[in-house]
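# A structural walkthrough
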Amino acid sequence: HWPGDYGGPMFLLPGLVIACYVTETELPAEHRAEMLRYLRNHQNEDGGTGLHIEGHSTMFGTSLNYVAARLLGMAADDPHCLRARAFMHGRGGAVNNTSWAKFWLALLGVYEWRGINPLPPEMWILPYWLIVHPGRFWCHCRMVYLPMSYLYGKRAACPPTPLTEALRKELYVEPYSEIAWEEQRNNCGPADMYVQHHPLQDLLWKVVAAAEPWIPAWLRRRALSWCADMILHEDGSTRHVDIGPVNKAINMVCCWYDDPHGEAFKAHLPRIFDYLWLAEDGMKMQGYNGSQAWDTAFAVQAIAASGLGEEAEVSPILRKAHEYLDASQVREDCPEVERYYRHISNGAWPFSTQDHGWPISDCSSEGLKGVIAVEALGLPGVAALEPERLFDCVNVILSYQNTAEHWGTGGWATYENTRGPAALELLNPSECFGDIVIDYSYCELTCACITALSHFHRRHPGHRTAEISTAIKLGAQWIRDKQRPDGSWYGSRGGC
C-alpha cells in the first residue's frame, strides 16, 4: 500500500495523552518530544489552538492541547503555555468549553462531572424500537458516546497528583473550589459553538440530571455491564484498533478501570502506535489508523486508467498493490451483528486495514473497482480473486442502499444504513460537530457504489442482474434529485 499522513484534527492527540496519564501508561521519551514539537507548531498567533490545524482558535482545542503539553512535560512558565493561558483566561477559562473537552478534563480530574450534561449508561438498555435508542446513531457517534457513558456512569476520574492540582489552578479564572459547576453544563463560547443545542435538548438534560440520583443501583450496574460488554465487542472485533482515535483512547481507559492488570487493557497498548504518524511538523495522532486500502484502491485505478499498467516498471507496482487489496478485504462478519448494532461486513473493504475491519460503502466500492481494474490487465503474477469474494462485496454494497425502510430514497450512507430520521439531530450534544447523530446518504458515496456495481455487472453480467439494475436506477435518480439549481452537487466527504 501507499502510506500517507491522515492528520489534521487537533483534539485527537490530547485524548491519547490524557488516556495514557490516567492509565499510568508512559509514552517513549522520543514520542513525547515529537508530540510537543507538533503542539508548538500548531499554536496560533493568538496563543490558542484550533479544532484542526487550519482552524481558528477555540477553547476546545486550546484547553486540551494545553493539558496535553503539560502532561507531556512542558513547564507552566514556558512561553507556549503562557500564551495559551492568556487565550483561555481572556475568554472565561476552560469552563467556557465544549462537552467533549469537559469530558476529558473530568476524566483527568481537573473538571467536575456535575458540570457535564448527563451521559447515563441506562440509555443503552432502552428497547431498540424507541427511535432515540443510541444503537440507531451513526457509528462514529455511538462508539464515542458508548465509552463516555460508561466512564460517566462510574464517575471515573484520575486521583489527584501535583500536576493535576496545578492544572486546576491554571485552567480557570476563578478558584477551582468556587466554580458553580452545575451552571457550566451548557457554557460554551461562540468560537466553539457550531451547533446550538435545541431548547428541548437542554430541557431533557435538566430532567435526566434531576432524575439520575433516583436511578436504582442495580439498574446502573446492569447498564454499566452491558456497556462494558459492547466496549469489549468493539475492541475484539477491531483487534483493539477500534473504529477511530477517540473511542480507541476512551475504550483503553474503560478497560483499565475495569482491570488495570487485565488482558483487555494490555491488548490496547501495542495498538496505540497504529495511530501515530511522524511528519515534518512533529508526531500527531491520525484521524484513523491510516487510509491504506482507500489510497491503494484509487492509486491502482488511476494507474490502470493511464494505460501505463502493462509497462515493465509499472506492472510490479500493480501486482503488489493487488496483493494488498487481496489481504485487506474483510472476510467475515463480526460476531452477533444484530445484538451489537453492527452491519454485515463479509466481503467489504475497510478504509485502512483488515484488522480495523469496519466496512464502508465507498471503500468497498473503490476496493472492488481497484481489484477489477488490475485483474482486467491480465498481468503476470496477479492471481484473480475468487468470484465469490466479489459476490460478497456486491452483497454488502447492495445492503447499504437506503430505501424507504431506511429513511431513504436510493442513496448510500457510510458504514451502515440510516437508522433514524434527521430529527434525531435535535439530540446532538457536541456543540462543535454537525450532522453526527445519524448516517446520512451522500452524493460521493452513492456515485462510488453505482460505478462499482456497474463495473462488476460488466464482468459478471449474470449475477443478481435485476437487483443491481434496480439499485443503479434508484441511486442515479437520487443523485439527479440532489443536483443544485446551479448544476452542481454539494461535496460532503471529500471524494468528489
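Our structure's up above, just so we're on the same page.
Residues numbered from 1 in each chain as written. Predicted model: local features only at pLDDT ≥ 70, side-chain atom pairs only at ≥ 80, totals over all residues. Heavy atoms only, no water.

### Some points on the overall build of the protein
Regarding its fold elements, the protein presents 17 helices and six strands. With the C-alpha coordinates aligned to their principal axes, the bounding extent of the protein is approximately 70 × 55 × 50 Å. Counting over 496 residues, the protein shows a buried share of 57%. The contacts in the protein between residues at least 6 apart in sequence include a share of 74% that link residues at least 24 apart. Total accessible area on the protein stands at roughly 20600 Å², and carbon and sulfur atoms take up 56% of it. Charge separation in the protein, taken as the distance between the mean sites of 41 positive and 58 negative side-chain charges, equals 3 Å. (Helix = DSSP H or I, 4+ residues; strand = E, 2+ residues; numbered from the N terminus. Buried < 20%, exposed > 50% of the residue type's maximum accessible area, 1.4 Å probe, protein only. Contact = heavy atoms within 4.5 Å. Areas by Shrake-Rupley, 256 points an atom, 1.4 Å probe, with all protein chains shown as cover. Lys, Arg positive; Asp, Glu negative; His and termini not counted. Charge placed at Lys NZ, Arg CZ, Asp CG, Glu CD.)

### Focus: empty space enclosed by the protein
Within this structure, the stated rule accounts for two cavities of 30 Å³ or more. Approximately 100 Å³ is the volume found for the largest cavity. Taken together, 14 residues line the largest cavity, and the ones lying closest to its centre are S99, N117, L119, Y145 and P429. When contributions to the lining of the largest cavity are tallied by element, the ones reaching two or more residues are helix 5 (99-108), helix 6 (139-154) and helix 8 (199-211). Here the lining of the largest cavity gets three residues from one element, more than from any other, and that element is helix 5. Lining the second largest cavity are W124, R142, M143, M230, H233, E234, Y340, Y341 and R342. Those elements giving two or more residues to the lining of the second largest cavity turn out to be helix 6 and helix 9 (217-237). Examining the composition of the lining of the second largest cavity, we find that three residues originate from one element, helix 9, more than from any other. Here the lining of the second largest cavity is built from residues that sort into five nonpolar, one polar and three charged. (1 Å grid on protein atoms, 1.4 Å probe; cavity = no way out; pocket = protein on both sides within 12 Å on 5 of 7 lines; lining within 4 Å. Points joined across faces, edges and corners; volume = space filled by probe spheres on them. Nonpolar A, V, L, I, M, F, W, Y, C, P; charged D, E, K, R; others polar.)

### A short note on the nonpolar core
If you look at the biggest cluster of nonpolar residues, it comprises 106 residues, and the most contacted ones within it are W100, L105, L151, L167, L171, Y172 and I250. In terms of residues, this core owes the most to one element, helix 6, which gives ten residues. (Core = buried A, V, L, I, M, F, W, Y, C linked by side-chain atoms within 4.5 Å.)

### So, helix 8
Over its 13 residues, helix 8 extends 19 Å from the first C-alpha to the last, a length consistent with the 18 Å expected when each residue adds 1.5 Å. For helix 8, the full list of buried residues reads Q201, D202, W205, V208 and A209. Buried residues of helix 8, viewed axially, fall in a sector of 125 degrees; they line one side. Residues of helix 8 that are exposed and point more than 90 degrees away from the buried face comprise P199, L200, K206, V207 and A210. (Expected span 1.5 Å × (residues − 1). Arc of directions from axis to C-beta.)

### A few points about the pattern of salt bridges
Per the counting criterion, the structure on display carries 26 salt bridges. With its nearest N and O atoms 3.2 Å apart, the salt bridge here joins R271 to D355. On the criterion of sequence distance, the pair formed by R271 in the loop between helix 11 (263-266) and strand 3 (276-279) and D355 in the loop between helix 13 (315-328) and helix 14 (361-375) is long-range, its members being 84 residues apart. Classification of R271 as buried rests on a relative accessible area of 17%. You can call D355 partly exposed: its relative accessible area is 28%. (Salt bridge = Lys/Arg side-chain N within 4 Å of Asp/Glu carboxyl O.)

### A word on the packing of aromatic side chains
How two aromatic rings sit relative to each other is given by the distance of their centres and the angle of their planes. Overall, the coordinates contain 21 aromatic pairs when judged by the stated rule. Arranged with centres 5.2 Å apart and planes meeting at 55 degrees, the rings of Y6 and F351 form a pair that is tilted. Placement of Y6 in the segment before helix 1 (12-22) and of F351 in the loop between helix 13 and helix 14 is noted, with a sequence separation of 345 residues between them. Given a relative accessible area of 34%, Y6 falls into the partly exposed group. Its relative accessible area of 9% is what places F351 among the buried residues. An aromatic cluster is present here, built from Y6, Y288, W294, F298 and F351 joined pairwise through their rings. The positively charged end of R136 is found above the aromatic ring belonging to Y128, 4.3 Å away from the centroid. Its end group placed over the ring of W358, R342 keeps NZ or CZ at 3.6 Å from the ring centre. (Phe/Tyr/Trp six-rings, centres within 6.5 Å; stacked < 30°, edge-to-face > 60°. Lys NZ or Arg CZ within 6 Å of the ring centre and 35° of its normal.)

### Some remarks on the side chain of H80
Tracing the backbone shows H80 in helix 4 (residues 79-89). Non-local contacts of H80, meaning those with residues more than four positions away in its chain, are made with L39, R40, Q43 and M74.

### Some words on the environment of L151
Topologically, L151 is positioned in helix 6. As a C-alpha pair, L151 and V374 span 223 residues in sequence and 47 Å in three-dimensional space. In this structure, L151 is in contact with F103, L107, W113, A156, I250, V253, C254 and Y257, ignoring residues within four places of it in sequence.

### Section: the environment of Y38
Its place among the elements puts Y38 in helix 2 (residues 29-41). On a C-alpha basis, the gap between Y38 and M10 in space is 9.8 Å, while along the polypeptide they are 28 residues apart. Filtering out sequence-adjacent residues up to four positions away, Y38 remains in contact with G8, P9, M10, L13, I53, D281, G282, M283 and K284.

### Quick notes on the layout of surface pockets
Empty space among the atoms becomes visible once a probe the size of a water molecule is rolled across them. Counted as a void, the second largest pocket has a volume near 490 Å³. The wall of the second largest pocket is formed by 20 residues, among which P120, M123, L204, W205 and V208 lie closest to the centre. Those elements that provide at least two residues to the lining of the second largest pocket are helix 6 and helix 8. At four residues, helix 8 tops the list of elements feeding residues into the lining of the second largest pocket. In terms of residue class, the lining of the second largest pocket is made up of 18 nonpolar, no polar and two charged.

### Some details on a nonpolar patch on the surface
Together, L126, I131, V132 and W407 give the surface a local cluster of nonpolar side chains, amounting to about 330 Å² of exposed area. Tracing the sequence through the fold places L126 in the loop between helix 5 and helix 6. (Patch = residues over 30% accessible without salt bridge, like charges linked within 9 Å, V, L, I, M, F, W, Y side chains within 5 Å.)

In short, geometric facts, not functional conclusions.
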